[in-house]
Amino acid sequence: MAESESGADKSEQPTEKRLRESREKGQIARSRELNTLAILLAGTGGLLATGGSLADVLLQIMRANFSLPREVLLNDQAMILWLAASAKMAFEALLPLFFTLLIASIVGPIALGGWLFSVEALQPKFSRMNPLAGLKRMFSAKALAELLKALAKFSVVLLVALLVLSSDRDDLLAMAQEPLEMAILHSVQVVGWSALWMSCGIILIAAVDVPFQLWDNKQKLMMTKQEVRDEYKDSEGKPEVKQRVRQMQREMAERRMMAAVPQADVVITNPTHFAVALKYDPAKGSAPVLLAKGGDFLALKIREIAQEHQVMLLESPALARSVYYSTELDQEIPAGLYLAVAQVLAYVYQLKQFKTGKGKRPAPLPDLPIPADLRRDE
């Protein structure tokens, strides 16, 4: 189990934020052995694929340079041109091999960890210049692992090389008896296959190193329980800050709600514990909308504002409780309360007509029809 510098156990898996930050810093799993293996396999494979053409070009260069005319040997400028022509032929012959090695040098590193370009990883870190830190890294467990890998790599490559040389001994001895052109072609073939087999020996090292690098990188990213809690606080916000934000949101909502009370058609009360302000606008919707609601102190404020702006107050405890618990601000009342609220609005309209002398006094409101599933008792 990994331990932090403070001694706390790193028992928690890395979070998405930790993984994202590690990639931004360039801290991802990389395997040098995998990179080396990719380059060696690409190089030896390319050598085997292009070995015949390389040998032909080499023979042409040798024939041309070992049979120079006398006038070329005595002319400095001609010698330079001859050398440039030979170099051009060699470069063109080696270009496919160089291109294969270039592709391998790109694919090898990104095969483990993917493509990553980190500006932060390129920045100089003066902490690495600390001699004490350097000595600590030299005698760390990772340094010991690298030493063991180097010894294992040397041993495997040496063993494979001895086996290859032993199997190719007859071919190597036979080259001395072959004509020059055939010996060059034969040597390229032997060197290519020998290098390929020795490169395959690195597969064993890479097969061990890749899982180790993945495990080691994961151990570095493991987190303590306190680190997880601190990260959660940083991402979600501190509790006192979140509480203050919620308080400010409630205050803003209350101010908007109080500002909407004067627009209501009626305020239905409990009479003291609850108050709800309703408005019905046939042009905007098919049902009344809840403009404001509150309990206790907020209910008192709603009643006071309604009285200041001459909004009708009506006591109906059952309906007030039902609307309060079933409807959110700026939302239409539920369908089950349509009939009860319609009777209230009709009563309010008739009462306003009576007060202006345009009608007779309405009869008292009967018991309002409130469905059982919307009824809320104290």
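Keep in mind the model is a prediction, meaning the values are calculated, not measured. (Residues numbered from 1 in each chain as written. Predicted model: local features only at pLDDT ≥ 70, side-chain atom pairs only at ≥ 80, totals over all residues. Heavy atoms only, no water.)

## Side note on the nonpolar core
Moving on, step 1. Ranked by size, the top nonpolar core spans 22 residues in total, and within it Val266, Ile268, Leu278, Leu319, Leu337 and Val344 carry the most contacts.
Moving on, step 2. For this core, the elements supplying multiple residues, two or more each, are strand 3 (266-269), strand 4 (274-279), strand 6 (312-315), helix 14 (317-326) and helix 15 (338-355).
Moving on, step 3. With seven residues, helix 15 is the largest single contributor of residues to this core.
Moving on, step 4. What Val344 contacts, discounting residues up to four positions off in sequence, is Val266, Ile268, Leu314, Leu319, Leu365 and Leu368.
Moving on, step 5. Listed in part, the 15 residues of the second largest apolar core include Met257, Met258, Ala264 and Ala277. (Core = buried A, V, L, I, M, F, W, Y, C linked by side-chain atoms within 4.5 Å. Buried < 20%, exposed > 50% of the residue type's maximum accessible area, 1.4 Å probe, protein only. Helix = DSSP H or I, 4+ residues; strand = E, 2+ residues; numbered from the N terminus. Contact = heavy atoms within 4.5 Å.)

## Quick look at the UniProt feature "transmembrane region" (unreviewed entry) in the chain
Moving on, step 1. Taking the UniProt record as the reference, the feature "transmembrane region" (unreviewed entry) is found at residues 37-61, 97-122, 143-165 and 195-215.
Moving on, step 2. When the span residues 143-165 is considered, its composition is 100% helix and 0% strand, and the gap between its end C-alpha atoms is 32 Å.
Moving on, step 3. In the segment residues 195-215, helix accounts for 95% and strand for 0%; the C-alpha atoms at its two ends are 31 Å apart. (UniProt positions renumbered as here; feature names shortened; annotations may be inferred.)

## Regarding the layout of surface pockets
Moving on, step 1. Volume-wise, the second largest pocket comes out at about 160 Å³.
Moving on, step 2. Around the second largest pocket, the lining comprises 10 residues; the ones closest to its centre are Lys279, Asp281, Lys284, Val289 and Leu291.
Moving on, step 3. Class assignment for the residues of the lining of the second largest pocket results in four nonpolar, two polar and four charged. (1 Å grid on protein atoms, 1.4 Å probe; cavity = no way out; pocket = protein on both sides within 12 Å on 5 of 7 lines; lining within 4 Å. Points joined across faces, edges and corners; volume = space filled by probe spheres on them. Nonpolar A, V, L, I, M, F, W, Y, C, P; charged D, E, K, R; others polar.)

## Remarks on the pattern of salt bridges
Moving on, step 1. In the structure shown here, the tally under the stated rule is two salt bridges.
Moving on, step 2. For Glu92, the salt bridge identified is with Lys88, shortest N-O distance 2.6 Å. With a gap of four residues between them, Glu92 and Lys88 both fall in helix 4 (residues 76-110), about one helical turn apart.
Moving on, step 3. Among the residues examined, Glu92 registers a relative accessible area of 44% and is labelled partly exposed. (Salt bridge = Lys/Arg side-chain N within 4 Å of Asp/Glu carboxyl O.)

## Notes on the environment of Ala253
Moving on, step 1. Mapped onto the secondary structure, Ala253 falls in helix 12 (residues 239-260).
Moving on, step 2. In sequence terms Ala253 and Ala292 are 39 residues apart; their C-alpha atoms lie 9.8 Å from each other.

## Section: helix 7 (residues 141-167)
Moving on, step 1. Taking 1.5 Å per residue as the helical rise, helix 7 with its 27 residues ought to reach 39 Å, and the 39 Å between its terminal C-alpha atoms agrees with that figure.
Moving on, step 2. Along helix 7, the residues that are buried comprise Ala145, Lys149, Val156, Val160, Ala161 and Val164.
Moving on, step 3. Buried residues along helix 7 sit against helix 2 (32-66), helix 9 (180-200) and helix 10 (202-221). (Expected span 1.5 Å × (residues − 1).)

## With respect to the side chain of Lys293
Moving on, step 1. With respect to the helices and strands, the residue Lys293 is situated in strand 5 (residues 289-295).
Moving on, step 2. Comment: no salt bridge for buried Lys293; closest opposite-charge side chain is Glu328, at 4.2 Å.
Moving on, step 3. At 2.9 Å, the side chain of Lys293 and the backbone oxygen of Tyr324 are in polar contact.
Moving on, step 4. A polar contact is formed between the side chain of Lys293 and the backbone oxygen of Thr327, at a distance of 2.9 Å. (Lys, Arg positive; Asp, Glu negative; His and termini not counted. Polar contact = N/O pair within 3.5 Å; in protein donor to acceptor, adjacent residues only side chain to side chain.)

## Overview of unusual backbone geometry
Moving on, step 1. Of note in the backbone geometry, Asp296 takes a positive phi value of approximately 55° without being a glycine.
Moving on, step 2. Among the secondary structure elements, Asp296 is positioned in the loop between strand 5 and helix 13 (297-308).
Moving on, step 3. In this structure, Asp330 takes a positive phi of about 65° despite not being glycine.
Moving on, step 4. With respect to the element layout, Asp330 can be found in the loop between helix 14 and helix 15.
Moving on, step 5. Exposure remark for Asp330: the relative accessible area of 58% places this residue in the exposed category.

## A word on a nonpolar patch on the surface
Moving on, step 1. Judged by side-chain polarity, Phe99, Leu102, Ile103, Ile106 and Val107 come together as a nonpolar surface patch covering roughly 450 Å² of accessible area.
Moving on, step 2. Along the chain, Leu102 falls in helix 4.
Moving on, step 3. Accessibility expressed as a relative area gives 46% for Leu102, which makes it partly exposed. (Patch = residues over 30% accessible without salt bridge, like charges linked within 9 Å, V, L, I, M, F, W, Y side chains within 5 Å. Areas by Shrake-Rupley, 256 points an atom, 1.4 Å probe, with all protein chains shown as cover.)

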